[in-house]
Amino acid sequence: MQVDLRILRYDPERDAAPHWETYAVEAGPMDRVLNLLHTVKNTMDGTLTFRRSCAHGICGSDAMLINGRNRLACKIRVEQLGRRISIAPIGGMPVVKDLVVDMEGFFAKYRTVMPFLVNDAPVPERERRQSVADRERFDDTTRCILCAACTTSCPSFWARPTYLGPAAIVQAHRFIFDSRDTAAEDRLEILADDDGVWRCRTTFNCVTACPREINVTGAILEVTRAIVARHS
Amino acid sequence: MLLRYRGGAGMLAWAFHRIAGVALFLFILLHVLDIWLAAANPGLYDEVLTVYASLPGRIGEALLGAALLYHALNGLRIIALDFWPRLTRYHLQLWYACWVVFFVVGIPGAYLIIAPALGLPGLKG
């Protein structure tokens, strides 16, 4: 079948502003949007620019605004979208070119929450052991692939770009509730800031956007509760 | 982005909450003004009351009640989510429950507010 693929194009060296261009692409219902983008780039317009790496929903590099919602181009199928598909870069981020956005601010926020295990105790001879229940406490948030689909779907982030955003809070959650980690207090202090968890307005856009089906809003509210519990 | 993004029910719930909140704030400003009139200009205050009692005025009051009711019910939903984050798995069902209560309470409430302007029987028959 033929699919009308509308893509928001922008080349800062040529264009004054982003503009839509439409491509008629032959596609099957099981094709991924990423296949369609490859078809355009390889056979119609080689200047089309987008990110992709693994193409299997693991690396998180091809999050885009597809038919009005953030999704991974390599996961969403044509049959889920219909014959008219629009693609724009994820929102609230500076556009470098076409569908590529500058992710530096996103990763800077990610680094802010200390996304690594902190434990100054002497390194044990074998692994740091953990019960099944302790592992389950943060199991959901270990699945984040840092695609930024959640953060860039959040109205609070659009309105206040300094907000740490759902992805950074999810990454913090993964370590705050890890029984082996000892820096939860430091992370909670960071997230209790003006640009931390209080900006969440429970719109659940992050939950519907997450390609890994993480309960992002639930994680944010668990961190919020942990911050409040420190003072009670 | 706000108008371009196709958010789900959660985003709608938030948008309605904001709109209802702004509407309530504007009414409070209006209410402060009309109460001030009661002392400053009693004649004008009486005229304002007749506007409130007219059909458009009562429809406005019914809409005000709707904004208040939605804001209160969704506010309870948000409080529940804040206290019990596990309920986030059921946020849609909670929102639907808000709407059930909204209509069960709101429809008779709106009738009682508007009925007198239409000459229909109210609470006092």
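A. Just the nonpolar core, in detail. Core analysis: the largest hydrophobic core is formed by 71 residues, its most contacted members being L37, I66, I85, I87, L191 and V223 of chain A. When residues of this core are assigned to domains, at least three map to each of domain 1 (2–101) and domain 2 (104–230) of chain A. In this structure, I66 of chain A is in contact with V33, R71, L72, A73, I76, L81, I85, S86 and I87 of chain A, ignoring residues within four places of it in sequence. Core analysis: the second largest hydrophobic core is formed by ten residues, A20, L24, A67 and W95 of chain B among them.

B. Layout of the sheet that holds strand β2 (residues 19–26) of chain A. Residues and elements named next belong to chain A. Spatially, five strands are ordered β2-β1-β5-β3-β4 in an open sheet, and the strand pairing comes out mixed. What marks the edges here is a single partner per strand, and that holds for β2 and β4 (69–72). Geometrically, the sheet is characterised by an average inter-axis angle of 35° between neighbouring strands, direction not taken into account. Two elements, strand β1 (residues 2–9) and β2, share eight bridges in a ladder whose sense is antiparallel. Across the sheet, residue L5 finds its bridge partner in β2, namely Y23.

C. Spotlight on the confidence of the model for chain B. Residue and element names in this part refer to chain B. Overall, the prediction assigns chain B a mean pLDDT of 94, with 98% of residues at 70 or greater. Of all the helices and strands in chain B, helix α2 (residues 42–53) carries the lowest mean pLDDT, 93, while helix α3 (residues 55–83) carries the highest, 97. Interface predicted TM-score (ipTM) for the complex: 0.88; the corresponding pTM is 0.92.

D. Just the environment of A73 of chain A, in detail. Residue and element names in this part refer to chain A. Within the secondary structure layout, A73 lies in the loop between β4 and β5 (84–88). Judged by relative accessible area, A73 falls into the buried class, the value being 0%. When the C-alpha atoms of A73 and H56 are compared, they prove to be 9.5 Å apart, with 17 residues separating the residues in sequence. Each residue touching A73, except ones within four places of it in the same chain, is listed here: R32, V33, L34, L37, D62, M64 and I66.

E. Structural context of the domain arrangement of chain A. Residues and elements named next belong to chain A. When its domains are assigned, chain A resolves into domain 1 (2–101) and domain 2 (104–230). If you average the C-alpha positions of domain 1 and of domain 2, the two centres end up 29 Å apart. If you look at the interface, domain 1 gives twelve residues, while domain 2 gives 13 residues. Of the roughly 970 Å² buried at the junction of domain 1 and domain 2 (both faces included), carbon and sulfur atoms supply 60%. Taken together, the connections running from domain 1 to domain 2 amount to zero salt bridges. Along the contact surface separating domain 1 from domain 2 lie three residue pairs in polar contact (both at pLDDT 80 or more). For the side of domain 1 that touches domain 2, the residue count by class is six nonpolar, five polar and one charged.

What counts, and where the lines are drawn
- The numbering scheme is per chain: residues are counted from 1 as the chain's sequence reads.
- Naming scheme: in the order in which they are written, chains are lettered from A and ligands are numbered from 1.
- This being a predicted model, a pLDDT of at least 70 is required before a residue's local features are given, and a value of 80 or more before pairs of side-chain atoms are given or counted; all residues contribute to the totals for chains, interfaces and linings.
- Water and hydrogen atoms play no part in the side-chain values, which are based on all heavy atoms of the structure.
- What we call a nonpolar core is a set of buried Ala, Val, Leu, Ile, Met, Phe, Trp, Tyr and Cys residues that are connected through their side-chain atoms within 4.5 Å.
- For each residue, the accessible area found with a 1.4 Å probe, counting protein chains only, is set against the maximum for its type, and the residue is called buried under 20%, exposed over 50%, and partly exposed in between.
- Segmentation into domains, and thus their bounds, comes from an automatic or database assignment.
- By the convention used here, residues are in contact when the closest approach between their heavy atoms is within 4.5 Å.
- For two strands to pair, DSSP has to find at least two bridges joining them.
- The helix and strand labels rest on DSSP assignments: H or I over at least four residues marks a helix, E over at least two residues marks a strand, and numbering proceeds from the N terminus.
- Here an angle of 0 to 180 degrees is reported between the N-to-C directions of two axes, which are lines fitted to C-alpha atoms, with helices fitted over the stretch in contact.
- pLDDT is a per-residue confidence score from the predictor, ranging from 0 to 100.
- Accessible surface is computed with a 1.4 Å probe, and the buried area is the amount of it that two parts give up when combined, taken over both parts together.
- Any carboxyl oxygen of Asp or Glu that lies within 4 Å of a side-chain nitrogen of Lys or Arg is treated as forming a salt bridge with it.
- Residues adjacent in sequence count toward polar contacts only when both atoms are side-chain atoms; beyond that, a polar contact is any pair of N or O atoms within 3.5 Å, and within protein one must be able to donate a hydrogen and the other to accept it.
- For this scheme, ten residues count as nonpolar: Ala, Val, Leu, Ile, Met, Phe, Trp, Tyr, Cys and Pro. Four count as charged, namely Asp, Glu, Lys and Arg, and the remainder, Gly too, count as polar.

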